[in-house]
Amino acid sequence: MPREITKVHVPPIKIQGIKTKLVPFIAASLSWDGNGVWYEPFMGSGVVGFNIAPKRAIFSDNNPYIIQFYQDLQRGDLDAAVVRDFLTAEGAKLCQTPADARSYYYRVRERFNQSHSSLDFLFLQRSNFNGMIRFGPNGYNVPFGRKPARFSPALITKIVHQVAWAQQQIQSHDWQFRVADWQDVLATVSDRDFVYLDPPYAGRSTDYFGSWTAEDTEALANWTNTRIPGGYALSMWYKNKYRTNDALHQWHGELLTDEHYYFLGGKTVNRNAMTEALVVKKGYVAPAQRPVII
Ligand SMILES: C[S@@+](CC[C@H](N)C(=O)[O-])C[C@H]1O[C@@H](n2cnc3c(N)ncnc32)[C@H](O)[C@@H]1O
């Protein structure tokens with residue numbers, strides 16, 4: 001496993017709670033020989049595992065559209081050229097008359113909720129409100145983001161590079177992508193494997209794809225403490241200027257912390273500084289890192 005990551009590559013899918021800024025901290029904190037399988041059962045954008053780049057990995061999420069997007073890249077059904085053509089054509093329709101941009105966004109949203117195309121998913125993720133992923137009973141329900149100059153040539157080029165990078169990583173490693181609830185994948189972990197956990201935060205109003213409750217957090221903590229035979233690391237917020245996160249006490253590992261700013265999510269409160277925690281199973285903390293005593 002690489003200890004030092006100086007340049008973090010950003011994948012094409014955006015999501016609230018994306019750990020882009022924490023990747024160097026996470027990579028520097030772990031001690032794992034890399035010989036087993038990297039499990040990432042809450043993969044979201046995939047930014048953590050894609051940058052750490054283990055030889056073998058099982059990336060999973062209960063959101064089928066994230067998984068489908070990366071499977072399409074893996075198979076080659078999607079690539080940088082296809083994405084460039086699509087975003088250029090659809091971006092032009094979105095920008096033709098600023099007054100119509102909103103209604104065009106909602107047309108694509110409706111189309112996605114019927115056909116579930118990975119290209120529409122990418123389009124919505126990059127034109128919606130702050131890169132949010134949220135589903136309700138009628139499907140994808142994030143409102144239009146109203147930023148001017150959406151899909152400028154420079155932004156399309158940036159997204160295309162992100163697609164090319166993600167595809168290159170996926171196709172040059174032994175990685176699998178699965179639609180799964182976390183319990184189903186964790187049931188197959190062995191003692192040589194490493195599990196990176198980044199579950200939703202119970203109590204936050206945004207549902208990624210289904211809800212996440214305090215009971216889910218408790219069940220995950222119990223499983224992590226008793227049923228993961230190899231190493232694990234869990235990301236969670238530690239404190240902000242108002243309070244500390246009591247849920248963390250449910251995990252028995254070593255606590256490491258890092259300060260971080262959120263830029264995603266609709267609410268201003270999410271843009272404040274936050275100290276982030278990484279709980280790492282004893283025996284899997286990199287020697288240079290000093291656990292925090294709480
Ligand atoms: C905090 S986000 C992960 C962010 C990711 N680490 C990143 O940096 O982009 C949590 C993820 O967990 C997924 N999720 C929520 N409930 C789940 C469940 N029961 N099983 C598996 N995945 C779930 C969500 O779809 C979301 O992608």
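Residues numbered from 1 in each chain as written. Predicted model: local features only at pLDDT ≥ 70, side-chain atom pairs only at ≥ 80, totals over all residues. Heavy atoms only, no water.

Before going further, it helps to examine helix H4 (residues 80-95). Compared with the 22 Å implied by 1.5 Å per residue over 16 residues, the 21 Å span of H4 between its first and last C-alpha is a close match. Residues of H4 that are buried: Ala-80, Val-83, Phe-86, Leu-87, Glu-90, Gly-91 and Leu-94. One side of H4 holds all its buried residues, which, seen down the axis, span an arc of 125°. (Helix = DSSP H or I, 4+ residues; strand = E, 2+ residues; numbered from the N terminus. Expected span 1.5 Å × (residues − 1). Buried < 20%, exposed > 50% of the residue type's maximum accessible area, 1.4 Å probe, protein only. Arc of directions from axis to C-beta.)

What follows concerns the domain arrangement of the protein chain. With domains assigned, the protein chain is organised as domain 1 (20-72 + 167-280) and domain 2 (74-153). Computed from C-alpha coordinates alone, the two centres of domain 1 and domain 2 are separated by 26 Å. Listed as interface residues are 21 residues of domain 1 and, on the opposing side, 20 residues of domain 2. Taking both partners together, domain 1 and domain 2 bury about 1,800 Å²; carbon and sulfur atoms supply 54% of that area. The largest per-residue losses of area from domain 1 upon contact with domain 2 belong to Tyr-65, Phe-69 and Asp-72, which jointly make up 34% of the total buried on that side. Summed over the shared surface of domain 1 and domain 2, the number is one salt bridge. Between Arg-75 and Asp-72 there is a salt bridge, with its nearest N and O atoms 2.6 Å apart. (Domains from an automatic or database assignment. Contact = heavy atoms within 4.5 Å. Buried area = accessible area lost by both parts, 1.4 Å probe. Salt bridge = Lys/Arg side-chain N within 4 Å of Asp/Glu carboxyl O.)

Counted at 1.5 Å a residue, the expected span for helix H3 (residues 64-75) with its twelve residues is 16 Å, and the 16 Å between its end C-alpha atoms agrees. Looking only at H3, the buried set comprises Tyr-65, Ile-66, Ile-67, Phe-69, Tyr-70, Asp-72 and Leu-73. Measuring from the backbone nitrogen of Tyr-65 back to the side-chain oxygen at the start of H3 gives 2.8 Å, which picks out Asn-63 as the cap. Just beyond H3, the residue with positive phi is Gly-76, at close to 90°. (Polar contact = N/O pair within 3.5 Å; in protein donor to acceptor, adjacent residues only side chain to side chain.)

Below, the discussion takes up the site of the ligand. The environment of the ligand is made up of 21 residues, and the closest members are Lys-19, Ser-45, Asp-61, Asp-181 and Asp-198. Between the ligand and Lys-19, the relevant distance is 2.8 Å, taken from an oxygen atom to a main-chain nitrogen or oxygen of the residue. Here Trp-182 contributes a backbone N or O atom positioned 3.2 Å from a nitrogen atom of the ligand. The fraction of the free accessible surface of the ligand (600 Å²) that becomes covered by protein chains is 97%. (Near = heavy atom within 4 Å. Areas by Shrake-Rupley, 256 points an atom, 1.4 Å probe, with all protein chains shown as cover.)

Right, let's get into the packing of aromatic side chains. This structure, assessed with the given rule, holds 30 aromatic pairs. Where Phe-112 meets Phe-121, the ring centres are 5.6 Å apart and the plane angle is 25°; that geometry is what we call stacked. A single burial state applies to Phe-112 and to Phe-121, both of which are buried. Its end group placed over the ring of Trp-223, Arg-227 keeps NZ or CZ at 3.7 Å from the ring centre. (Phe/Tyr/Trp six-rings, centres within 6.5 Å; stacked < 30°, edge-to-face > 60°. Lys NZ or Arg CZ within 6 Å of the ring centre and 35° of its normal.)

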